[in-house]
Amino acid sequence: MLENRNSKPCLAAPKEKNKVMPSPNDLQGVFGHNVKMRRIELGMTQDDLANKAYVSVDTIKRYERGTISGAQLCFAYYIAKALNTTIDPLLLPFGNSQE
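Report on the accompanying structure. Keep in mind that what you see is a predicted model, and the values were worked out from it rather than measured.

Some points on unusual backbone geometry
Next up, step 1: Positive phi values are uncommon outside glycine, yet Tyr54 reaches one of about 60 degrees.
Next up, step 2: Position of Tyr54 relative to the elements: it lies in the loop between α2 (46–53) and α3 (57–65).
Next up, step 3: The phi torsion at Asn84 lies on the positive side, around 55 degrees, for a residue other than glycine.
Next up, step 4: The topology assignment puts Asn84 in the loop between α4 (73–82) and α5 (87–91).

As structure tokens, then:
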């Protein structure tokens, strides 16, 4: 278990500092960023999303980091469905969401 500044136990790893946003041309990065933002907006954990989308937590983590190789459309569909949206808004570069 990790400790935060107040020396209280904490279950999550520290947030990354100076996180660089993916380029609008980086489709996997844009998709992953939008998945993460939507998941947080809905108050879901990665585990919640993984269970609802019928994928592993590791798959969700790799999608959110934009490091998944050979991303599959069927997984993207299940993730979008679990987030109560379609794939389209998850593929739009930042600030262009139509929701």
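Don't stop here, the text continues.
Regarding the nonpolar core
Next up, step 1: The biggest cluster of nonpolar side chains holds 17 residues, and the ones touching the most others in it are Phe31, Val35, Leu49, Ile60, Ile79, Leu83 and Leu90.
Next up, step 2: Of all the secondary structure elements, the ones that give two or more residues to this core are α1 (27–41), α2, α3, α4 and α5.
Next up, step 3: For this core, the element with the most residues is α4, which contributes four residues.
Next up, step 4: With sequence-adjacent residues up to four places away left out, Val35 is seen in contact with Leu49, Glu64, Ile79, Leu83 and Leu90.

Points about α3
Next up, step 1: Those residues of α3 that fall on the buried side of the exposure criterion are Thr59, Ile60, Tyr63 and Glu64. Taken around the axis of α3, the buried residues stretch over an arc of 130 degrees, which confines them to a single face.
Next up, step 2: On its buried face, α3 sits against α1, α2 and α4.
Next up, step 3: Just beyond α3, the residue with positive phi is Gly66, at close to 75 degrees.

What counts as what
- Residues numbered from 1 in each chain as written.
- Predicted model: local features only at pLDDT ≥ 70, side-chain atom pairs only at ≥ 80, totals over all residues.
- Heavy atoms only, no water.
- Helix = DSSP H or I, 4+ residues; strand = E, 2+ residues; numbered from the N terminus.
- Core = buried A, V, L, I, M, F, W, Y, C linked by side-chain atoms within 4.5 Å.
- Buried < 20%, exposed > 50% of the residue type's maximum accessible area, 1.4 Å probe, protein only.
- Contact = heavy atoms within 4.5 Å.
- Arc of directions from axis to C-beta.

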